[in-house]
Amino acid sequence: MGFLIDSQTDGGTGVWGGCVRGLIRRKQVDSVHVKAHGHYQLAKELSILHLIAIGVGSTIGAGVYILVGTVAREHSGPALTISFLIAGIAAALSAFCYAELASRCPSAGSAYHYSYICVGEFVAWLIGWALILEYTIGGSAVARGISPNLALLFGGPDSLPAFLARQHIPGLDVVVDPCAAILVFIVTGLLCVGIKESTVAQGVVTTVNVCAMLFVIIAGTYLGFKTGWAGYKLPTGYFPFGVDGMLAGSATVFFSYIGFDSVASTAEEVKNPQRDLPMGIGFALSICCGLYMLVSVVIVGLVPYHAMNPDTPISSAFASYGMQWAAYIITAGAVMALCSTLMGSLLPQPRILMAMSRDGLLPPFFSDVNRSTQVPVKSTLATGFGAAILAFFMDVSQLAGMVSVGTLLAFTMVAISVLILRYVPPDEVPFPSSLQETIDSVSLRFSQGTHNIEGTNDGSLPLLCKKNAQIEYPAIVKKEVQANFVLNEENRRKVAGWTIAFTCFGALVLTHAASDTSLPRLLRFTSCGVGGLLLLFGLAVLTCIEQDDARHSFGHTGGFICPFVPLLPIICILINTYLLINLGVATWTRVSIWLLIGVFVYALYGRTHSSLQDAVYVPAAHADEIHRSSVDSLA
């Protein structure tokens, strides 16, 4: 029989036990049965080419036009190309995890959606809340960066028309940026027209940006062969800062790959998500990595790394060879890159708000989908309005680190979700309490069928042994002869669950001890040893024990399967945790305040309005039969 989850009381455990159960309640993968009764349908318009445009456009920002100079001068030197390669491989680890979850759970919400299915409601809420902050600040920061670059195309920093130029308000000591706010409103209006139309526009803008980068690669290669690649003829060698400097450069340029997760947020609007989502993520990341590496090869070869201009490294490199006119092409590429990134920043957030609203954690206002355009117009307008105000009034460059927190938290949680999916996938499915009668009826039928099988003594083979037996057994009813197997399976799930938890804790201990140089030497090395042992122990245990058979039927099957599990997700967790630890105290202080606000919002609204508030959880083996019975009863 199904059992009722109530956030206020939970059998003998009392109020606090019920609250804890409410925090870890998990929702069902959106199946064909759920979608059949849904009211919020997005248009399925996107193909692989659309997804590549979203992924490349969201990833390649104007940062690459500046980042190559800063990282080469301070960290990598001529080895900048290897830094981009290592960072691309690290990003690919997260991309593999995203690809499997996106194809298995193709619904709006991205990492929030996956966390809700695999981990629990409260963690999913925090991930969604952090992503809201990431996309809002990210979009505002990108918009503020467009106007200075746009002004360069018109002749200089002060060449924009008065109504677009930045203005200083003395009384408030605020620099307002009308151009940034206007651009946000334009992109918001475009996103409201339709997902296909906005993606086509983003594809056009992204194409211009890619063409500018190809110009840098082709023209720079010509100059390099003509002049002899002066940047590589240095007495300091290829690694002037050593391998450590090159790895530090990788950690810095890793953030230039952030953006491919925007592809996963459009999963519900993809025509063939099992095929197109993994390919879209993979192709987008490969294109970005290839372009980054080729640009870095050319630029560090044209100009010695120590002579690079940290603000305008690419245009300055061409200017040093008498090609000042190339600065206009490069600036145009930077403007297009920023516009494309702005669209990529504003696209996912309305879908995350919509997903959270569907689940009852936010007001139903955000879940409305326009019938004609089939996009969440109200969420898109709210997102655009908030980002426009922030871009108009605030210089959010000092808050840029907060963008990375949301992304890295999402990357980490997606990797953990892959481990959970493989070893301890949810074995219970939530249904609305209105179906309690149907649930009881189906559970009773399963129980009676099992009792009949157990009572068979007519000399014939029991049904369990017949080759063509077509009956399913509930997970909660087991034969006595299977007791040892049940015990082993139950223990396997417990061991796997605790091992995943200890592995994550080990990654946290190891990265914190390795990063905190203020710790006493003995304590630091001891902590590193303990964390490393926990990681190795977790890897060994998860490698030795079998993965759960239910993983084969979890969600939508037939899509991409993440390779090298558990090694790949564990490495992904370790890398992302290390980057999170190193974001700095000031960044974490700001993010903690935002997350604390989120906890209050969840406690006051989300917890009591959750769609799982009165959910009835039944064994997964019963789910299809309950769906069929509920449809038959409505017919």
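Residues numbered from 1 in each chain as written. Predicted model: local features only at pLDDT ≥ 70, side-chain atom pairs only at ≥ 80, totals over all residues. Heavy atoms only, no water.

## Concerning the overall build of the protein chain
Applicable threshold: Secondary structure elements are taken from DSSP: a helix is a run of H or I of four residues or more, a strand is a run of E of two residues or more, and numbering for both begins at the N terminus. Residue exposure (1.4 Å probe, protein chains only): buried if accessible area is under 20% of the type maximum, exposed if over 50%, otherwise partly exposed. We get accessible surface area from the Shrake-Rupley algorithm with a probe of 1.4 Å; when it comes to residues, only the shown protein chains can shield them.
Scanning the protein chain from N- to C-terminus turns up 23 helices and 5 strands. Across the 635 residues in the protein chain, those meeting the buried criterion constitute 52%. Total accessible area on the protein chain stands at roughly 27,500 Å², and carbon and sulfur atoms take up 67% of it.

## Brief notes about the nonpolar core
What counts is decided by this rule: Nonpolar cores are built from buried Ala, Val, Leu, Ile, Met, Phe, Trp, Tyr and Cys residues. Side-chain atoms within 4.5 Å join them into one set. Any pair of residues with heavy atoms lying within 4.5 Å of one another is described as a contacting pair.
Core analysis: the largest hydrophobic core is formed by 159 residues, its most contacted members being Tyr65, Tyr98, Ile299, Ile314, Phe318 and Leu342. Sort the elements by how many residues they give to this core and helix 17 (residues 400-423) lands first, with 15 residues. Apart from residues lying up to four places away in sequence, Ile299 is in contact with Val216, Met308, Pro313, Ile314 and Ala317. Val429, Phe431, Ala623 and Ile626 belong to the second-largest nonpolar core, a separate cluster that totals 8 residues.

## Some points on helix 6 (residues 111-118)
Of all 8 residues in helix 6, 8 are buried; the element is thus mostly enclosed. All buried positions along helix 6 are accounted for by Ala111, Tyr112, His113, Tyr114, Ser115, Tyr116, Ile117 and Cys118.

## Considering the environment of Cys289
Relative to the assigned elements, Cys289 resides in helix 12 (residues 273-302). Classification of Cys289 by relative accessible area gives buried; the value is 13%. C-alpha separation for the pair Cys289 and Gly88, spaced 201 residues apart in sequence, amounts to 5.8 Å. Those residues in contact with Cys289 that lie beyond four places of it in its chain are Phe84, Gly88 and Tyr257.

## Section: the packing of aromatic side chains
Working definition: an aromatic ring pair is given by the centre-to-centre distance plus the angle between the planes. Put simply, the test is: Planes of paired rings set the category: under 30 degrees apart is stacked, over 60 is edge-to-face and the rest tilted, where pairs are Phe, Tyr or Trp rings (Trp by its six-membered ring) whose centres lie within 6.5 Å.
Tallying each qualifying case throughout the model produces 23 aromatic pairs. With a centroid separation of 4.7 Å and 90 degrees between ring planes, the pair formed by Phe392 and Phe393 is classed as edge-to-face. For Phe392, a relative accessible area of 25% translates into the label partly exposed. Look at Phe393 and you get partly exposed, because its relative accessible area is 43%.

## Details of a nonpolar patch on the surface
The condition that has to hold: Surface patches are drawn from residues lacking salt bridges whose relative accessible area is over 30%; two like charges belong together within 9 Å, two nonpolar side chains (Val, Leu, Ile, Met, Phe, Trp, Tyr) within 5 Å. One side-chain nitrogen of Lys or Arg within 4 Å of one carboxyl oxygen of Asp or Glu is enough to make a salt bridge.
On the surface, a nonpolar cluster with roughly 530 Å² of combined accessible area is contributed by Ile86, Tyr232, Tyr238, Phe239, Val243, Leu247 and Val297. Relative to the helices and strands, Val297 is located in helix 12.

## A short note on the pattern of salt bridges
A full pass over the atoms with the stated rule returns 13 salt bridges. A salt bridge links Arg422 to Glu100, with the shortest nitrogen-to-oxygen separation between them at 3.0 Å. Of the two residues, Arg422 is situated in helix 17 and Glu100 in helix 5 (residues 80-104); the sequence distance between them amounts to 322 residues. This pair shows no difference in class: Arg422 is buried, exactly as Glu100 is.

## A closer look at the confidence of the model for the protein chain
Test applied: A score from 0 to 100, pLDDT tells how confident the predictor is in each residue.
Summing up the model confidence of the protein chain, the mean pLDDT is 84 and the portion of residues at 70 or higher is 87%. pLDDT under 50 marks residues 31-38. Its contacts with residues more than four places away, or in other chains, come to 11 contacts. Ignoring residues within four places in sequence, the model shows residues 453-487, a span with pLDDT below 50, making 24 contacts including any to other chains.

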